[in-house]
Amino acid sequence: MAEFQLKPYQENVLDTLRTYLRNIGKYAHSQNGEGLAFYELTNRPYTPAPAIAEGTPYVCLRVPTGGGKTLIAAHSVSIAASELLQTQAPMVLWLTPTNTIRQQTLEALKDRGHPYRTALAESFRDNLTVMDLAEALSMTRADAEGGATIIVATIQSFRVEEKEGRKVYEQAGVLEPFMSGLRDEQIEGLDTYENGKPVPSLANVLRLHRPMVIIDEAHNSRTPLSFDTLARLAPSLLLELTATPVTKSDTKKEQFASNVLTNISAAELKGAEMIKLPIKLRTRDDWTRVVGDAFDCRNMLEERAKLEETRTKEHIRPIILFQAEANKAGVERRTPDFLKKHLMDAHGIPEEQIAISTGSQDDLAGMDVLSRDCPVRYIITVQKLREGWDCPFAYVLCSVAELSSSRAVEQILGRVLRMPNARRKTQDELNLAYAFVTSQNFNDTAEKLKDGLVESGFEKLEAGELVNPMPDFGFDEAGDAFIHESEALPQEAEEPKLEKLPPQLRERVSFDSASRKLTVKGRMSAEDRTHLLLAVPPVESAQRAVDRLYRKSNFILSVQPELDEAEEKPPFVVPRLGVWVQGRLEPFSKDHFVALPWHLHEQKPDGILARFAINDTGGTEGELDVTQEGKVKWFMDQLHDTLALTVREPNFDMPKLVNWLDRRIKHPDVTPASAKKFIWTALELVMEKQGSTLDELVRAKFRLRQALDDEIAALRAQREEAQFEQCFDLGGAAPKFETSPEIAHVFEEQAYVPREPYRGPREFRKHYFDVVGDLKASGEEFECASYIDAHPKVRHWIRNVDRMPNAFHLQGPHHKFYPDFLCMLTDGRYLAVEYKGKDRATNEDSKTKKQVGQLWADASGGKCLFAMPTGKNFSEIDSLIA
C-alpha cells in the first residue's frame, strides 16, 4: 500500500478530534455532555444539530482547499470507532455533495494502493468493506460485523422524495437476517409492518448500527431537509468537513451553524508544503499580452522544473489554466476554440499540448494529466473545470476576460494552489502560483482573487497577504549558468566551510580567498541560503553578504527596494544547543538521553489498578433520556448498549485480547514482545486483584486500552525524566554541551507559519517578519511582547510559533520546548524569553523549561541569554541584558 505521512497540522486536527470524543466519555452522564466537551476545547458555545437525537455529537473540521480533508476523514473513522463507538465494526455513512465526487471517493477508498484506503487499513487491516448504495442494499451480516463498513453516497440519495432514496426505506429480502432475533428495545425506533415486525430495509440496518456520518463539503448540506434526512438514520456522530463552514445560525433563514472544532490557516498549509503561495498577479488591458506573459511564465517554470528533476528526480510539467469566454450568439468573443487557435498560430503550440474542458467538450476525460507521457501543458475552460478534477501541475491561471464573482474565481483558483507531491521544491518559483488577468484595474482584480481565496476557506485577513504583484522576470541573469557574486566577506573572518554544504550546492559555490567573495552558479533557493549561512563564519557582515547574494540571485521574485545597511535586516540565525558525540557536535535531542528499545516488561504495572475498574463508567449527573419502561438511560449508554446487541463480537482468549490491545496502543520505543508481556502481566493483575473475568475484560476492552495507554505513558514519562536528569548529575561523565552557530536555527519568512496572525491595533515595529504569529491582542503575553518591542537593547524579535516546522526549540525530557520570544540584541547576542503567569511560575513544567533554557545560555559562552519573567515582572529582562 502507498505510504502517506500525515502533516503536523493534520495530526493536530485528529488529536483534537480524539480529545473531543474522549472528553464526551468524561461527560457521559452530564447534561449536554457533547456540548461541554466542545466548550472545554474551543471556549465557544455549542449548537446541537437540528432534528438529530439529543446528545449526538455534531462537529466540523474546517480545512481550506488543498488541506487534505479526505485523508483526515479517513483517519477519523478509527478514532471515532475507538473513542466514541467503542466497537471494532463501525458503520460509516460517507456523504458527498455530488455523484462525481462520490465516484472518486468510492474508487479511492476501494483502491488498496491509495492513501485513503491505507489510512483505514492502519486500524482495520483487511476487516474493511467499502461499498456504494446499490451494494449496501445487498450487504450481509458478515460484511457489517466483520469490521468497518463504509457506505459512500450522496445525501440526496437518502431523501424519500427521490427514487433512489425510496429504495433505502423499502424492504429488501437480502437484509432479512439483520432483523432476526432482535429484542424489543432494538425494534423500538425501527420502521415496522402492521404486525410490529421490523422492515428489512437498509434504513433499519443503519439505525441498528448507529452510523458515524461523514459529511464532505458540509456547507452544501445545511437545509432542514438535510438534517431531517440524517435524523431518520439514527447517527452516532455527525462529522462535517468543509473549507467554508456556516458559523452563524439564522432561524428565519433556516440556517444552522456548524460547531467548528478545528481551524487550519493558509500559513499552516503553506508551512506544511501543501499549497503554492503566495499568488503572483499581473494585469494588462491587452489580452494578447496577458496570454504572452502567461506563456513566458510557463516556459520559465518548465526550465525550473527540469532543474528540479535533475536535483530531486521529481517530475513536474507546469500547466496553464486559461479562462476563456462563453459563446454568445452574434457577439465576437474569446471562446475556447478561438483561444486554442490563437495559441497554435501566435505561439506555435502543438495541438496535442492543448486540452479544452467545458460543458460540451471534455478533452480531459480519461486522461492522466500527471503521467510523464501526457503532453498537455495548456488547458482551456470557461466557468470551471470538470468537477473533482485535480492537477497539482497547474501553476498558472490566465484569464482573457475580466474576472467575475468571487465564487466563479474560486471554482478555478483552487486548481492552481495544490503543491505537487505536497513537498516544497528546491526551485522557489515552483513554490508559488501565478495569475495573469485581462483587466484595467490591478487592485480590483487582486480583490477578486483574495475573495476567491476566502471562498476556498482562507481567512479574509490572511487572504489579503497572499496575492502579490509580479515583477519583471529578468531571464538572462536568472539562467542556471549565470554566475552571481557576493560582496567581500570581512578580512578578519574565517573562510567559509564549503565542505559542509550538500554536494549539489557545493559544486555550484566557490570562494576566492584573494577577493574574499563567494560566487554561486544559478539562483539560490531558500534552502541553499540556510546551508550557506551555516557555512560562513557567525559574523553579521558575512551572514549579510550571503543574504544579499540570495536576494541578488532571486531578483525575479523580489519586490523589495534596496535598503540602507542601517535599515536592512540581518539574517536571524540563533545558535542551537548541541552535545559532543564521538568528536562531532550534534543538536541535542531525546536520542542523546533515552536509550532504545525500552524494556517495558521490566516495569511493574501496578498503576493499572487505579486507572481501570470493571464497574467504573465515569461521568456525573445531568440530563436524562427515559425509555418506555421508565428506565433511565444516557445517550452514550444507549449507544454502546445498542451496538453491543447489534454487533456480535468474536470470541476472545487471553492471547487474542493481548494482541488486540497491543495493536491499538502506539509504542514505537517498545518491541512488540516486550509490550505484550507487560500487557499480559497487567491483565493478570487486574483479574487477580479486582476479581474480574476474562469475559468482563473483553467487554470493557476499549476502556482497558485507554487505561493501559495512560499507564504506559506515565511510566514512559518517569523514565524520560530520570534519564534526562542524569545528563546533569553524572559529574565528569556528563555530556559536554555547547551552544554553537555551527548548528544554528535560521528563521525564514517563507517558512514562518503562524496558526493565526496577530490582529490587534498595536503596531510592532521591531518584529522580524511583517506578520506576528499566534499572539492575542491583550493579556500578559501581549504585554511581554510590547515590552520587548519597546526595549532599546532589542534590535529585532520573533514570536516563536510552537510546534511548527520553522520554530526554534530546546529539548526537554518529554517534548520539545519552544520559547515564546527570540530576540536579536543590538550588541549581537540572542535572548530567549519564556513568559509565565504568576500561577504557573513554580510548577514542574516551568522548572524544567528554566533548567533547559539556562543550559542553552550557559553553554553559549555569553552569546545567548535566557529569561523567564513571571507575573509581569519584565524588569528581569533588563537586569539580564545588563
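Residues numbered from 1 in each chain as written. Predicted model: local features only at pLDDT ≥ 70, side-chain atom pairs only at ≥ 80, totals over all residues. Heavy atoms only, no water.

### What to know about the overall build of the protein chain
At step 1: A count of helical and extended segments in the protein chain gives 30 helices and 28 strands.
At step 2: The 882 residues of the protein chain split such that 54% are buried.
At step 3: Within the protein chain, counting contacts between residues at least 6 apart in sequence, those at least 24 apart form 73% of the total.
At step 4: Counting every atom, the protein chain has about 39100 Å² of accessible surface; 48% of that belongs to carbon and sulfur. (Helix = DSSP H or I, 4+ residues; strand = E, 2+ residues; numbered from the N terminus. Buried < 20%, exposed > 50% of the residue type's maximum accessible area, 1.4 Å probe, protein only. Contact = heavy atoms within 4.5 Å. Areas by Shrake-Rupley, 256 points an atom, 1.4 Å probe, with all protein chains shown as cover.)

### Focus on the nonpolar core
At step 1: If you look at the biggest cluster of nonpolar residues, it comprises 148 residues, and the most contacted ones within it are Met-139, Ile-150 and Phe-158.
At step 2: When residues in this core are grouped by element, the largest group, 10 residues, is from helix H3 (residues 69-85).
At step 3: For Ile-150, the residues in contact, after removing those within four places along its chain, are Val-77, Val-92, Trp-94, Leu-109, Leu-120, Leu-128, Thr-129, Val-130 and Met-131.
At step 4: Core analysis: the second largest hydrophobic core is formed by 55 residues, Leu-532, Phe-737, Phe-817 and Met-824 among them. (Core = buried A, V, L, I, M, F, W, Y, C linked by side-chain atoms within 4.5 Å.)

### Observations concerning helix H2 (residues 33-42)
At step 1: Every buried residue of H2 is accounted for by Gly-33, Glu-34, Gly-35, Ala-37, Phe-38 and Thr-42.
At step 2: Here the buried face of H2 lies against helix H1 (8-26), strand S1 (58-62) and strand S7 (260-263).
At step 3: Just beyond H2, the residue with positive phi is Asn-43, at close to 60°.

### Details of the pairing of strand S12 (residues 394-399)
At step 1: The element S12 is largely enclosed, with a buried count of six among its six residues.
At step 2: The pairing of strand S9 (residues 319-323) with S12 spans five bridges and is parallel. Note that in S12 the partner of Ile-320 across the bridge is Val-396.
At step 3: Across four bridges, S12 lies against strand S13 (residues 433-438) in parallel orientation. Among the inter-strand pairings, Val-396 is bridged to a residue of S13, identified as Tyr-434. (Pairing = 2+ DSSP bridges.)

### Description of empty space enclosed by the protein
At step 1: Enumeration according to the criterion identifies four cavities of 30 Å³ or more in this entry.
At step 2: Empty space within the largest cavity amounts to approximately 60 Å³.
At step 3: Considering the residues around the largest cavity, the lining is formed by Arg-576, Leu-577, Pro-587, Phe-588, His-809, Leu-810 and Gln-811.
At step 4: Here the residues of the lining of the largest cavity are counted per class, giving four nonpolar, two polar and one charged. (1 Å grid on protein atoms, 1.4 Å probe; cavity = no way out; pocket = protein on both sides within 12 Å on 5 of 7 lines; lining within 4 Å. Points joined across faces, edges and corners; volume = space filled by probe spheres on them. Nonpolar A, V, L, I, M, F, W, Y, C, P; charged D, E, K, R; others polar.)

### Notes on the packing of helix H4 (residues 99-110) against helix H5 (residues 115-124)
At step 1: For the pair H4 and H5, interaxial distance at closest approach is 6 Å and the crossing angle is 55°. Relative to H5, H4 is oriented oblique. The two elements H4 and H5 meet at a crossing, and its hand is right-handed. Of H5, the residues touching H4 (which contributes Ala-108, Leu-109 and Lys-110) are Tyr-116, Arg-117 and Leu-120.
At step 2: When the residues that make up the contact of H4 with H5 are grouped by side-chain class, the tally is four nonpolar, no polar and two charged. (Axes fitted to C-alpha atoms, helices over the stretch in contact; angles between N-to-C directions. Parallel < 35°, antiparallel > 145°, perpendicular 65-115°, else oblique. Left-handed = near helix turned anticlockwise from the far one by under 90°.)

### Some details on the sheet that holds strand S26 (residues 821-825)
At step 1: As summarised here, the arrangement of the four strands in space is S23-S26-S27-S28, forming an open sheet in which the pairing is mixed. Since the sheet does not close on itself, it has two edges, and those belong to strand S23 (794-799) and strand S28 (864-867), each with one partner. Between one strand axis and the next, the sheet turns by 20° as a mean value, whatever way the strands run.
At step 2: Direction of pairing for S26 relative to strand S27 (residues 830-833): antiparallel, over a ladder of four bridges. Counted as the bridge partner of Leu-822 is Ala-832 from S27.

### A closer look at the confidence of the model for the protein chain
At step 1: Here the protein chain averages 86 in pLDDT, and 90% of its residues register 70 or above.
At step 2: Averaged pLDDT values for the elements of the protein chain fall to 44 in strand S20 (residues 625-626) and rise to 97 in S26.
At step 3: With pLDDT under 50 throughout, residues 556-561 is counted as low confidence; its partners more than four residues away or in other chains account for 15 contacts.
At step 4: Across residues 618-632, confidence stays below pLDDT 50; counting only partners more than four residues off in sequence or on other chains, it has 30 contacts. (pLDDT = per-residue confidence, 0-100.)

### Comments concerning the pattern of salt bridges
At step 1: Enumeration according to the criterion identifies 49 salt bridges in this entry.
At step 2: We note a salt bridge from Glu-302 to Arg-377, for which the minimum N-O separation is 3.1 Å. Of the two residues, Glu-302 is situated in helix H13 (residues 287-312) and Arg-377 in the loop between strand S10 (354-356) and strand S11 (378-381); the sequence distance between them amounts to 75 residues. One exposure class covers both Glu-302 and Arg-377, and it is buried.
At step 3: Across the pair Arg-544 and Glu-540 runs a salt bridge, and its minimum N-O distance is 2.5 Å. Highlighted residues: Arg-544 and Glu-540, both in helix H21 (residues 540-553), separated by four residues, approximately one helical turn.
At step 4: Residue classification places Arg-544 among the buried residues on the basis of a relative accessible area of 4%.
At step 5: A network of salt bridges, in which partner residues are shared, links Arg-755, Asp-774, Asp-802 and Arg-803. (Salt bridge = Lys/Arg side-chain N within 4 Å of Asp/Glu carboxyl O.)

### Here we look at the side chain of Thr-335
At step 1: Structurally, the position occupied by Thr-335 is in the loop between S9 and helix H14 (336-347).
At step 2: If we skip the residues at most four places from it in the chain, Thr-335 touches Ala-324, Glu-325, Ala-326 and Asn-327.

### Digging into the packing of helix H24 (residues 654-663) against helix H25 (residues 672-690)
At step 1: The N-to-C vectors of H24 and H25 enclose an angle of 120°; their axes lie 9 Å apart at closest approach. Judged by the inter-axis angle, H24 sits oblique to H25. Here H24 runs over H25; the crossing is right-handed. Contacts between H24 and H25 pair Met-654, Pro-655, Leu-657, Val-658, Asn-659, Leu-661 and Asp-662 from the former with Pro-672, Ala-675, Lys-676, Ile-679, Trp-680, Leu-683, Glu-684 and Met-687 from the latter.
At step 2: Of the residues contributing to the contact of H24 with H25, the split by class is 11 nonpolar, one polar and three charged.

### Thoughts on the packing of aromatic side chains
Aromatic rings considered in pairs are described by the distance between their centres and by the relative angle of their planes.
At step 1: Under the counting rule described, the total for this entry stands at 24 aromatic pairs.
At step 2: Look at Trp-797 and Phe-821: their rings are 5.8 Å apart centre to centre, the planes differ by 70°, and that puts the pair in the edge-to-face class. Of the two residues, Trp-797 sits in strand S23 while Phe-821 sits in strand S26, which places them 24 residues apart along the sequence.
At step 3: By relative accessible area, Trp-797 is classed as buried at 0%.
At step 4: An angle of 50° between the planes, with centres 5.8 Å apart, marks the rings of Tyr-835 and Phe-874 as tilted. Of this pair, Tyr-835 sits in the loop between S27 and helix H29 (844-858) while Phe-874 sits in the loop between S28 and helix H30 (875-881); the two residues are 39 residues apart in sequence, bridging distant segments of the chain. Each member of the pair, Tyr-835 together with Phe-874, is buried.
At step 5: Connected via pairs of aromatic rings, a cluster forms that spans Phe-572, Phe-747, Tyr-752, Tyr-768, Phe-769 and Tyr-830.
At step 6: The ring centre of Tyr-395 lies 4.2 Å from the NZ or CZ of Lys-276, which sits over that ring.
At step 7: In this structure, Lys-656 is placed above the aromatic ring of Phe-652, and the distance from its NZ or CZ to the ring centre is 5.3 Å. (Phe/Tyr/Trp six-rings, centres within 6.5 Å; stacked < 30°, edge-to-face > 60°. Lys NZ or Arg CZ within 6 Å of the ring centre and 35° of its normal.)

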